[in-house]
Amino acid sequence: MLNQPSGSPVRVCRFSPDSTYLVSGAADGTVVSWNMQTYKLFRSGSVKDGSLVACAFSPNGSIFVTGSSCGDLTVWDDKMRCLHSEKAHDLGITCCDFSSQPISDGEHGPQFFRMASCGQDCQIKLWVTTFTDFLGFELKHKCTLSGHSAPVLSCAFSYDGHMLVSGSVDKSVIVYEPNSGSILHTLTHHTRYVTTCAFAPNILLLATGSMDKTVNIWQFELEVYCQAGRPEDEPKLFIEDWSEEEVSLWLCAQGLKDLVSIFKMNNIDGKELLNLTKESLTDDLKIESLGLRSKILRKIEELKVKVEALSSGIPDEFLCPITRELMKEPVIASDGYSYEKEAIENWISKKKRTSPMTNLILPSLVLTPNRTLKMAIDRWLETHQK
């Protein structure tokens, strides 16, 4: 048992990436680093104001960051020297997290890491940090993400750094693409404050916990997941580059889990997937059912169409906010946003009287055809087909 030296209640604790040290932060602002080989106090320090409520280590373990209830982010090195402190969130910090992957966009070297913080000011802020013996420490604010209408209680990066999730007092969960700051998903299934969220390390799952006494588990479609985190000037999806494991995940998402072992046995990767024919399914993969062969080929064709749409640069305003697919019959809801008619009708039919975009109560359930948007989509389709 480790006793906080100041005798103050402990609010947060985190292990270093290599498990050599444990950092604990207390309500009186003291922070302690414990040696995990000896279970002895290694170093201690304190912040000027507030309780320590958040802590995160950089992936290489060279620094860690603490967040206080007064809104200060404080950066410490592995010797517990205070490198930097600044006011990040006016009303207090609630959570912070590092992306485990270094930024590799050509502008920064491998010592640069992305960090996120969130707070009582309803904001999520993205930062870039670096610490080298030559250059010293640097913390740069990159952007502020909006979307929540109430304090943000939790934030977390996906294991590969391609997505960032946040949970809020407004009962919503928002999944962002960190490079552009765009919103990929807004999830509104919780009925009370969303207090915590976490990505699984090696499968496409997200968990969100709430004061409504539930934990919701979300599974991402592989096509959507593979879009996240790619530079805007690159194609968003390369099926040819899929590994056998990614093909297996796609099969599971299509309800074809029973075929995973067959595909793996035949080493079907992305390139092989696109080249499958009725003959190869019958002769090579030994799939005897005509209906099953037809279903596989149909799913592959649908995937090709999706990829073609993704790589064609469809204007975002042509995509339904609920399905993220090109709208065929756009309608305007009473929140002022346009949706695919079937999607918003399904949303409302499930007794959801709130807006998918604002999470506020819809003043009316009347849906008005958006003929102007429909004409614009039709014109874009004609040009694209030419």
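Cut-offs and rules
- Residues numbered from 1 in each chain as written.
- Predicted model: local features only at pLDDT ≥ 70, side-chain atom pairs only at ≥ 80, totals over all residues.
- Heavy atoms only, no water.
- Helix = DSSP H or I, 4+ residues; strand = E, 2+ residues; numbered from the N terminus.
- Pairing = 2+ DSSP bridges.
- Axes fitted to C-alpha atoms, helices over the stretch in contact; angles between N-to-C directions.
- Phe/Tyr/Trp six-rings, centres within 6.5 Å; stacked < 30°, edge-to-face > 60°.
- Buried < 20%, exposed > 50% of the residue type's maximum accessible area, 1.4 Å probe, protein only.
- Lys NZ or Arg CZ within 6 Å of the ring centre and 35° of its normal.
- UniProt positions renumbered as here; feature names shortened; annotations may be inferred.
- Core = buried A, V, L, I, M, F, W, Y, C linked by side-chain atoms within 4.5 Å.
- Salt bridge = Lys/Arg side-chain N within 4 Å of Asp/Glu carboxyl O.

Where an unreviewed UniProt entry is consulted, the chain appears under the name WD repeat, SAM and U-box domain-containing protein 1, with the organism given as Phascolarctos cinereus.

Mapped onto the elements of the fold, Thr277 is located in the loop between helix 4 (270-274) and helix 5 (278-283). Spatially, the C-alpha atoms of Thr277 and Leu297 are 7.3 Å apart, while their sequence positions differ by 20 residues.

What follows concerns the sheet that holds strand 18 (residues 205-210). Strand order in the open sheet formed by three strands is 17-18-19, with antiparallel pairing between adjacent strands. Of all strands in the sheet, those with a lone pairing partner are strand 17 (194-199) and strand 19 (215-219), marking the two edges. Strand after strand, the sheet turns through a mean of 20° between neighbouring axes, direction not considered. For strand 18 and strand 19, the ladder comprises five bridges, and the chain directions are antiparallel. Looking across to strand 19, one finds that Thr208 is bridged to Asn216.

Taken as a whole and assessed by the stated rule, the structure comprises three aromatic pairs. Judged by centre distance (5.2 Å) and plane angle (45°), the ring pair of Phe57 and Phe64 falls under tilted. In this pair, the class of Phe57 matches that of Phe64, namely buried. For the ring pair Phe64 and Trp76, a centre distance of 6.3 Å and an interplane angle of 15° mean the geometry is stacked. Taken as a pair, Phe64 in strand 6 (residues 63-68) and Trp76 in strand 7 (residues 72-77) lie far apart in primary sequence, twelve residues in all. Each member of the aromatic cluster is reached from another via a ring pair, and the members are Phe57, Phe64 and Trp76. The side chain of Arg43 reaches across the aromatic face of Phe42, ending 4.4 Å from its centre.

Let us now look at the sheet that holds strand 1 (residues 10-15). Pairing is antiparallel in the open sheet, where four strands are placed in the order 1-2-3-4. Each edge of the sheet is formed by a strand with only one pairing partner; in this case those strands are strand 1 and strand 4 (40-46). Averaged over all neighbouring strand pairs, the angle between strand axes comes to 20°, with direction disregarded. Of the pairings in the sheet, the one linking strand 2 (residues 21-26) to strand 3 (residues 30-35) comprises five bridges and is antiparallel in character. Along strand 3, the bridge assignment pairs Ser24 with Val32.

One non-glycine residue with positive phi stands out, namely Lys171, at about 75°. Looking at Lys171, the relative accessible area reads 38%, which means it is partly exposed. Of note, the phi angle at Lys213 is positive, near 75°, even though the residue is not glycine. By relative accessible area, Lys213 is classed as exposed at 80%.

The topology assignment puts Ser46 in strand 4. The class for Ser46 is partly exposed, based on a relative accessible area of 47%.

On to the pairing of strand 15 (residues 173-177). Strand 15 sits mainly inside the fold: five of its five residues count as buried. What you see with strand 15 is no split at all: Val173, Val175 and Glu177 on one side and Ile174 and Tyr176 on the other are buried throughout. Linking strand 14 (residues 164-168) to strand 15, which pair antiparallel, is a turn of four residues; within it Lys171 sits at a positive phi near 75°. Pairing geometry for strand 15 and strand 16 (residues 182-187), over five bridges, is antiparallel.

What follows is about the UniProt feature "repeat: WD" (unreviewed entry) in the chain. Residues annotated in UniProt with the feature "repeat: WD" (unreviewed entry) correspond here to residues 3-44, 56-77, 145-186 and 187-221. Taken as a whole, residues 56-77 contains 0% helix and 64% strand, while its terminal C-alpha atoms sit 12 Å from one another.

Attention now goes to the nonpolar core. Within the largest apolar cluster, 19 residues are counted, with the highest numbers of intra-cluster contacts made by Phe263, Leu273 and Ile296. Elements with a minimum of two residues in this core: helix 2 (244-253), helix 3 (260-265), helix 4 and helix 6 (290-311).

As a further point, take the pattern of salt bridges. One pass over the structure, following the stated rule, counts seven salt bridges. The partner of Lys79 in a salt bridge is Asp78, with the nearest N and O atoms 3.7 Å apart. One salt bridge in this structure joins Glu138 and Lys140, with 3.8 Å as the shortest N-O distance. Given a relative accessible area of 36%, Glu138 falls into the partly exposed group. Here Lys140 falls in the partly exposed class, since its relative accessible area comes to 43%.

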